[in-house]
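Letter by letter, the chains look like this.
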Amino acid sequence: ITISKEMLDGALPYKDLFDHKGVYLYFINIFGLITNLCFVEFLFFILSIWGLYKTFLLILSPRLSLIAVFAFPFLLFPFIAGGNRPEVYILPAIVYTLYYLINMVLSKKLPQKKHTILLGSFAAYVFLLKFNYCSCFVAAAISLIYVAIVKKNFISLMKHIFCGILGLVIGL
């Protein structure tokens, strides 16, 4: 938050100020300082819960999905206690990636290209927030490549690679 406060006063990150965190965290914190940081965290958390519910619905009944979603905050609390953790802001992107992977495996087909663009954008977002959480996006890319090769759909693979790169550029 200190870096974000200084940015509001005109300082430039990585020139006038330095921290090891990604630049998107500063922008999220600035938005939180202008509005309410707890509310911003709450919105990201609600997005994560909604995404998890949709993901659980792919593999569980609606009742079990609801139970799993209600258990989730209690399991996550020790990792986000104290507030303003980058993990809270990263979680919706990782949940979407999980949904993307499970849906691709269960349907046994390549996803729509708009989802690959979104996945690429989320990968760039997570990289510029806290880069060590990017491994799930590498797993998603490898899975997509594997499914395309098994289906011998090389033209679609090239289109998905282009869409993923386009998403990365959009996210940067």
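Before reading further, recall that the structure is shown in the block above.
Here is a short report on the structure shown in this document. (Residues numbered from 1 in each chain as written. Predicted model: local features only at pLDDT ≥ 70, side-chain atom pairs only at ≥ 80, totals over all residues. Heavy atoms only, no water.)

### A look at the overall build of the chain
Okay, step 1: Summing up its helical and strand segments, the chain has eight helices and zero strands in all.
Okay, step 2: Burial analysis of the chain (172 residues in total) assigns 40% to the buried set.
Okay, step 3: As presented, the chain carries roughly 10,500 Å² of accessible surface, and 73% of it is formed by carbon and sulfur atoms.
Okay, step 4: Computed over 14 positive and 6 negative side-chain charges, the separation of the two mean positions in the chain equals 27 Å. (Helix = DSSP H or I, 4+ residues; strand = E, 2+ residues; numbered from the N terminus. Buried < 20%, exposed > 50% of the residue type's maximum accessible area, 1.4 Å probe, protein only. Areas by Shrake-Rupley, 256 points an atom, 1.4 Å probe, with all protein chains shown as cover. Lys, Arg positive; Asp, Glu negative; His and termini not counted. Charge placed at Lys NZ, Arg CZ, Asp CG, Glu CD.)

### As for the pattern of salt bridges
Okay, step 1: In the structure shown here, the tally under the stated rule is one salt bridge.
Okay, step 2: With a shortest N-O distance of 3.0 Å, Glu-87 and Lys-130 are connected by a salt bridge. Separated by 43 residues along the polypeptide, Glu-87 in helix α5 (residues 86-107) and Lys-130 in helix α6 (residues 113-130) bring together distant segments of the chain.
Okay, step 3: For Glu-87, a relative accessible area of 21% corresponds to the partly exposed category. (Salt bridge = Lys/Arg side-chain N within 4 Å of Asp/Glu carboxyl O.)

### Observations concerning the nonpolar core
Okay, step 1: In this structure, Tyr-89, Tyr-125 and Leu-129 are the most contacted members of the largest nonpolar core, which totals 32 residues.
Okay, step 2: When contributions to this core are tallied by element, the ones reaching two or more residues are α2 (23-34), α3 (37-59), α5, α6 and α7 (135-150).
Okay, step 3: At eight residues, α5 tops the list of elements feeding residues into this core.
Okay, step 4: Ignoring any residue separated from it by four or fewer positions in sequence, one finds Tyr-89 in contact with Leu-25, Ile-28, Asn-29, Leu-37, Val-40, Glu-41, Phe-44, Asn-84, Tyr-125 and Leu-129.
Okay, step 5: If you look at the next biggest cluster of nonpolar residues, it comprises eight residues, including Leu-52, Val-69, Leu-76 and Leu-91. (Core = buried A, V, L, I, M, F, W, Y, C linked by side-chain atoms within 4.5 Å. Contact = heavy atoms within 4.5 Å.)

### Regarding the environment of Ile-59
Okay, step 1: Positionally, Ile-59 belongs in helix α3.
Okay, step 2: Sequence separation between Ile-59 and Ile-102 is 43 residues, and the spatial gap between their C-alpha atoms is 8.4 Å.
Okay, step 3: For Ile-59, the residues in contact, after removing those within four places along its chain, are Ile-102 and Leu-106.

### Quick look at α7
Okay, step 1: Over its 16 residues, α7 runs 23 Å from end to end, which matches the ideal 22 Å to within 8%, given 1.5 Å per residue.
Okay, step 2: Within the span of α7, buried status applies to Cys-136, Phe-137, Ala-140, Leu-144, Val-147 and Ala-148. The buried side chains of α7 occupy one side of the element, clustering within an arc of 110 degrees when seen end-on. Within α7, the exposed residues directed more than 90 degrees away from the buried face are Ser-135, Ile-142, Tyr-146 and Val-150.
Okay, step 3: Of the surrounding elements, those touching the buried residues of α7 are α5, α6 and α8 (154-171).
Okay, step 4: Immediately downstream of α7, the backbone of Lys-152 shows phi near 55 degrees, a positive value. (Expected span 1.5 Å × (residues − 1). Arc of directions from axis to C-beta.)

### Description of α6
Okay, step 1: Across its 18 residues, α6 extends 26 Å between first and last C-alpha, which sits within 8% of the 26 Å expected from 1.5 Å per residue.
Okay, step 2: In the core, the buried residues of α6 are packed alongside α2, α3, α5, α7 and α8.

### A look at the environment of Ala-93
Okay, step 1: For Ala-93, the position within the fold is in helix α5.
Okay, step 2: Judged by its relative accessible area of 1%, Ala-93 is buried.
Okay, step 3: When residues no more than four places from it in sequence are discounted, the contact partners of Ala-93 are Phe-122, Tyr-125, Val-126 and Phe-137.

### Remarks on the packing of aromatic side chains
Okay, step 1: This model, assessed by the stated rule, comprises six aromatic pairs.
Okay, step 2: Geometrically, the ring pair formed by Tyr-24 and Tyr-125 is tilted, given 5.9 Å between the ring centres and 35 degrees between the ring planes. Separated by 101 residues along the polypeptide, Tyr-24 in helix α2 and Tyr-125 in helix α6 bring together distant segments of the chain.
Okay, step 3: Residue Tyr-125 is classed as buried on the basis of its relative accessible area of 16%.
Okay, step 4: When the centroid spacing of 6.1 Å and the interplanar angle of 20 degrees are considered together, the rings of Phe-45 and Phe-72 count as stacked. Of the two residues, Phe-45 sits in helix α3 while Phe-72 sits in helix α4 (residues 62-80), which places them 27 residues apart along the sequence.
Okay, step 5: Overall, Phe-45 belongs to the buried group, its relative accessible area being 18%. (Phe/Tyr/Trp six-rings, centres within 6.5 Å; stacked < 30°, edge-to-face > 60°.)

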